[in-house]
Amino acid sequence: MIKYSRQRESILNDLLSRYDHPTADMVYESVRTRQPNISLGTVYRNLSLLAESGQILKITTGIGPDRFDGHTHEHVHFICTACGNVYDMDYLPRERLTEEAAKVLSTKGQIDGYHLQFYGRCQNCLNGTTNFS
């Protein structure tokens, strides 16, 4: 169990309130509006600690910085290979996905959870309307 920290709680609450899968810099900008004295290093350290403890998800996109997700339930992500944005795909039939994977796995083990990611280009990038700033 990790020791309580007001800054860590603020970072976690920030992630739980959003669905845009922010970078550490985005979390820093958001949290510092409520805690002006927080440092970027503190945000990075606490994001790592929260991810290691399983309280948040760290999403490595392969494009730009890692993204973070405060919603740790089993769900699928779509990662845009052009801009690096991450989108939730909660509407996929999770039960069927797990059942089919269990059939393939058969007698080799037991599935306890998953993190699945799809890659492609988001609609904004396909339309040429992504703002990269």
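Residues numbered from 1 in each chain as written. Predicted model: local features only at pLDDT ≥ 70, side-chain atom pairs only at ≥ 80, totals over all residues. Heavy atoms only, no water.

Colleague: Any details on the overall build of the protein chain? Residues and values, ideally.
Modeller: Secondary structure summary: the protein chain contains five helices and five strands in total. For the protein chain, the N- to C-terminal ordering of α and β elements is α-α-α-β-β-β-β-α-β-α. Taken over 133 residues, the protein chain has a buried fraction of 35%. Long-range pairs, those at least 24 residues apart, make up 49% of the contacts in the protein chain between residues at least 6 apart in sequence. For the protein chain, the separation between the mean place of its 14 positive charges and that of its 15 negative charges on side chains is 5 Å. (Helix = DSSP H or I, 4+ residues; strand = E, 2+ residues; numbered from the N terminus. Buried < 20%, exposed > 50% of the residue type's maximum accessible area, 1.4 Å probe, protein only. Contact = heavy atoms within 4.5 Å. Lys, Arg positive; Asp, Glu negative; His and termini not counted. Charge placed at Lys NZ, Arg CZ, Asp CG, Glu CD.)

Colleague: Run through the nonpolar core, naming residues and quoting values.
Modeller: Counting residues in each nonpolar core, the largest one holds 13 residues, and the members touching the most others are I11, V43, L47 and I56. Those elements that place two or more of their residues in this core are α1 (6-16), α2 (24-31) and α3 (40-52). It is α2 that provides the largest number of residues to this core, a total of four residues. When residues no more than four places from it in sequence are discounted, the contact partners of I56 are L12, L15, L47, L50, A51, F68, D69, G70 and T72. (Core = buried A, V, L, I, M, F, W, Y, C linked by side-chain atoms within 4.5 Å.)

Colleague: Kindly report on the packing of α1 against α3, identifying the contributing residues and their values.
Modeller: The contact between α1 and α3 brings their axes to 10 Å, and the two run at 70 degrees. Relative to α3, the element α1 lies roughly perpendicular. Together, Q7, R8, I11, L12 and L15 of α1 and T42, V43, N46, L47, L49 and L50 of α3 make up the contact between the two elements. Classifying every residue of the contact of α1 with α3 by side-chain character gives seven nonpolar, three polar and one charged. (Axes fitted to C-alpha atoms, helices over the stretch in contact; angles between N-to-C directions. Parallel < 35°, antiparallel > 145°, perpendicular 65-115°, else oblique. Nonpolar A, V, L, I, M, F, W, Y, C, P; charged D, E, K, R; others polar.)

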